[in-house]
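# Structural overview for review
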Amino acid sequence: MKKIFLLIALTLPLMAYSAGKVDKAQADSILFALLSSDMGEDAFSHAEKAVIGRDGRKRGTVFVVEGENFQIKSLRNDVYYIAGRNECVPVDDARYPMETMNNLLLGKIDGGQRDITVHHHQYGGHNATLFMPFDELRSKLQPGMKAYCSITAVTTEKIEGVLVYHDVTNNVIHMLQISSPLLAVTSGQGEMEAELYTNIPQDNIRNLFGVEDELNSPVVNPVNLKSKKR
Amino acid sequence: MKTNMNNMRHLILVLSLLLCTAATVNAQDQFSINEGLDAGKLKSTIENNVNSFINAMTDAAERQQKKVRLNENQFTSQAIEDVKMMWKNSPMSCPPVRIRTRCLNTSSGYQVRGIPIDILNADANNSRQELTIDFTREGLISNVAIAIEMHRYDQIMADNHSSLDYARRQKVVEFIENFRTAYNRRDLPYISSVYGENALIITGRVIKEVPNSTDGTLTTLTNKVVYTRQNKTEYIDKLRTIFKRNSYVNVRFEDIEVVESRKYDNIYGVTLKQYWHTAPSAKSKGYSDVGYLFLIIDFTNSENPLVQVRTWQPYLDEHGNIVTTPDQVYHLGMFRLSR
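### Notes on the overall build of chain A
Tallying secondary structure elements over chain A gives five helices and 14 strands in all. Across the 230 residues that make up chain A, the buried fraction comes to 45%. Sequence-distant contacts in chain A: of pairs separated by 6 or more residues, those separated by 24 or more amount to 57%.

Structure, rendered in structure tokens:
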């Protein structure tokens, strides 16, 4: 019951937002209220327990099942699997941190004891900070959305990535830039951190990836980019 | 003489026993947990199991054995198979160093990391690795893994730098949507806060111009766009008046184009078509127009992006004739930026 309520609570504002009935300020506010509500651990949705056949693969082999990309080549919903004794399961393995992080962000493995601090950037320049289990964040943001991710950095200390939830019907996205200590990914416990940008409409974009033309144009006015500190 | 020989034998035997005991003590003490688990049966079990495993590897390596002998009471059955498979491909031994490590809690039990090992059939540059060992809640070894090398991710990361650029550009779109929302809400404080103090604001308007004619023939009026420059204060004051007169403002953006500056990081030019509508009221007749809006947005301080340039050019005149074509719209190259 709680899950259905959450799904409705999240979907209705998106529909109303794209129809112009609520604006971005209200949509951000509604989402923040949802994120900061206590849904109870028993309402967390479990990761999709996708298991596929071994198909003769050697045990211990790690391979990718390709999904699709979203807007750019590197933002994808590929899933990494590892061949076990009888079947292949999504990678959740200390030996493969990038693959584990990828699967974690896409909701293919459970968050375990990983928590996340989320800085929610809302209309008006308000940034509110929330702290919750990663499974709770996923349970609140992912229902009804398609998830795509791109791991952007892996070092001996940390892993970083971009996670995008896309509402296909209303063509709106939520975007997270996530940073995690490597240990939090490989050990199944620890604290991650994310910058969250919500309710970004996509249907009025003509070109997202332009670069300034090299052609010389007559300069109209000089612009001083120095501004007084606020 | 015979007594001396016996005494010598006794001495050698005792010394040998002492040495063996010392060696045994050293091996048992090689690994220990210094943090994360309180002293007790579980800690002892884990330490014993790891030391026993280290001994088994070292012993098998010294004897160049094809198989490593594991104590089945210290491993899960899956872990035994995995270690045997690992040994088949990469026999290893643990260097004679003391290992003190933290014990981590995991969702299924415990984990220790950073146990140094030497891979026997690897080249010198890659022979030293580290083991990660997982345990069940009872302390049985459930998984043994070699920590992954980071460098193999370099190629994948090189392809994914575009994702960071993508994220920056989506933040520009998010800013634009906030910007539009602020006009609809008549949120003057927010609008004022996102304009830089030295913001350049250019607004165009259509005037009718009579072309010069020297032969007395009738000529039709042609459209001409004239541009007015305002500073931030002038613009905000004018906007305040508009907001006071109009309780309903509806601004819509279409055809958003985000262009990155070649010269400066974090400077973006955004071009879009703006549909502006205010409803008739007691104080106002209402007004609608469509025009090209161009913004230069400075994301140097990503928490507080600033609009440094705003230009508006009318798209259509009052009769629906196009007065500004896309190639006439302001763009980044028409402004000389300096810091």
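We are not done yet, so read on.
### Structural notes on the sheet that holds strand E2 (residues 62–65) of chain A
Residues and elements named next belong to chain A. An order of E1-E6-E5-E2 is seen for the four strands of this open sheet, with the pairing classed as antiparallel. Edge positions in the open sheet fall to strand E1 (52–53) and E2, since each of these has one partner strand only. Sheet topology places E2 next to strand E5 (residues 79–83); four bridges connect them, and they run antiparallel. Across the sheet, Val62 pairs through a bridge with Ile82, a residue of E5. Taken strand by strand, helix H3 (residues 97–105) contacts E2, E5 and strand E6 (87–90), and its axis lies near 125° from that of E5.

### Focus: the pairing of E6(A)
All names here are of chain A. The pairing of E1 with E6 spans two bridges and is antiparallel. Counterpart to Gly53 in the pairing with E6 is Glu87. Here three bridges tie E5 to E6, and the two strands are oriented antiparallel to one another. Paired with Ala83 across the strands is Cys88, a residue of E6.

### As for the pairing of E5(A)
Residue and element names in this part refer to chain A. Across the five residues that make up E5, a large majority, five, are buried. Side chains of E5 alternate between two faces, with Val79, Tyr81 and Ala83 and Tyr80 and Ile82 buried alike. Taking the residues that link successive antiparallel strands as the turn, the E5-E6 hairpin has three residues.

### Regarding the confidence of the model for chain B
Residue and element names in this part refer to chain B. Per-residue pLDDT for chain B averages 83, and the proportion of residues at 70 or more is 83%. By mean pLDDT, the top-scoring element of chain B is helix H6 (residues 188–194) (95), and the lowest-scoring one is helix H1 (residues 2–29) (59). Low pLDDT (under 50) marks residues 20–27, which in the prediction has two contacts with non-local residues, meaning those over four places away or in another chain. Scoring the predicted complex yields pTM 0.75 and, for the interface, ipTM 0.89.

### Some thoughts on the confidence of the model for chain A
Per-residue pLDDT for chain A averages 86, and the proportion of residues at 70 or more is 86%. The least confident element of chain A is helix H1 (residues 2–18) of chain A, whose mean pLDDT is 62; the most confident is strand E11 (residues 172–181) of chain A, at 97.

### Some words on the environment of B:Ile256
Within the secondary structure, B:Ile256 sits in strand E9 (residues 249–260). Its 22 C-beta neighbours within 10 Å are what place B:Ile256 among the buried residues. With 226 residues separating them along the chain, B:Ile256 and B:Gln30 place their C-alpha atoms 64 Å apart. For B:Ile256, the residues in contact, after removing those within four places along its chain, are A:Asn204, A:Ile205, A:Arg206, B:Val173, B:Ile176, B:Val270 and B:Leu272.

### Some details on the interface of chain B and chain A
Counting residues at the interface gives 63 residues for chain B, matched by 58 residues for chain A. Residue composition of the side of chain B that touches chain A, by class: 26 nonpolar, 22 polar and 15 charged. Of the strand pairs in this sheet, strand E13 (residues 205–211) of chain A and E9(B) are connected by four bridges, and their pairing is parallel. Looking at E9(B), one finds that A:Gly210 is bridged to B:Val259.

### What about helix H4 (residues 134–141) of chain A?
The buried count for H4(A) comes to eight of eight residues, which makes it a mostly enclosed element. Every buried residue of H4(A) is listed here: A:Phe134, A:Asp135, A:Glu136, A:Leu137, A:Arg138, A:Ser139, A:Lys140 and A:Leu141.

### Brief notes about the nonpolar core
Core analysis: the biggest nonpolar cluster contains 83 residues, and A:Val164 and B:Val270 have the highest contact counts within it. Looking at this core element by element, the count peaks at nine residues for helix H5 (residues 161–184) of chain B. The residues touching A:Val164, leaving out its near neighbours within four places in the chain, are A:Phe70, A:Leu75, A:Tyr148, A:Ile173 and A:Met175. B:Met57, B:Ile99, B:Ile115 and B:Ile133 belong to the second largest nonpolar core, which has 25 residues in total.

### Some thoughts on the environment of B:Glu234
Residues and elements named next belong to chain B. By secondary structure assignment, the location of Glu234 is in helix H7 (residues 232–245). Since 12 C-beta atoms lie within 10 Å of it, Glu234 is described here as exposed. The spacing of Glu234 and Ile201 is 33 residues in sequence and 9.3 Å in space, taken between C-alpha atoms.

### Let's talk about the environment of A:Gly190
All names here are of chain A. Turning to its location among the elements, Gly190 is positioned in strand E12 (residues 189–201). Judged by the 19 C-beta atoms lying within 10 Å of it, Gly190 is partly exposed. Taking the C-alpha atoms as reference points, Gly190 and Gly112, separated by 78 residues in sequence, lie 9.5 Å from one another. In this structure, Gly190 is in contact with Arg114, Pro181, Leu183 and Ala184, ignoring residues within four places of it in sequence.

### What about helix H3 (residues 77–89) of chain B?
Residues and elements named next belong to chain B. Taking 1.5 Å as the rise per residue, H3 with 13 residues should run 18 Å; its terminal C-alpha atoms sit 19 Å apart, in good agreement. Taken together, the buried positions of H3 are occupied by Ala79, Val83 and Trp87. Angularly, the buried residues of H3 cover 75° about the axis, an arc narrow enough to put them on a single face. Looking at H3, the residues exposed on the side facing more than 90 degrees away from the buried face are Ser77, Gln78, Lys84, Lys88 and Asn89. Residues of H3 that are buried make contact with strand E6 (141–146).

Procedures and definitions
- In this numbering scheme, every chain counts its residues from 1 along its sequence in written order.
- Chain letters and ligand numbers both follow the written order, the letters beginning at A and the numbers at 1.
- Since the coordinates come from a predicted model, pLDDT governs what is reported: local features require at least 70, and pairs of side-chain atoms require 80 or more to be given and counted, while whole-chain, interface and lining totals use all residues.
- Each helix corresponds to a stretch of at least 4 residues labelled H or I by DSSP, and each strand to a stretch of at least 2 residues labelled E; elements are numbered beginning at the N terminus.
- Between the buried cut of 20 or more and the exposed cut of 12 or fewer other C-beta atoms within 10 Å of a residue's own C-beta lies the partly exposed class, and all C-beta atoms are placed from the backbone.
- Any residue pair is listed as a contact if its two C-beta atoms, each placed from the backbone, are within 7 Å.
- For two strands to count as paired, DSSP must find a minimum of two bridges between them.
- All axes here are fitted lines through C-alpha atoms, helices being fitted over the stretch that makes contact, and every angle between N-to-C directions spans 0 to 180 degrees.
- Per-residue confidence from the prediction method is given by pLDDT, with values spanning 0 to 100.
- As a working rule, the residues Ala, Val, Leu, Ile, Met, Phe, Trp, Tyr, Cys and Pro are called nonpolar, Asp, Glu, Lys and Arg charged, and the rest polar, with Gly in that last group.
- In this usage, the nonpolar core is the set of buried Ala, Val, Leu, Ile, Met, Phe, Trp, Tyr and Cys residues whose C-beta atoms join them within 7 Å.
- One less than the number of residues in a helix, times 1.5 Å, gives the span that helix is expected to have.
- Picture the helix axis, draw a direction to every C-beta atom, and the arc is the one those directions span.

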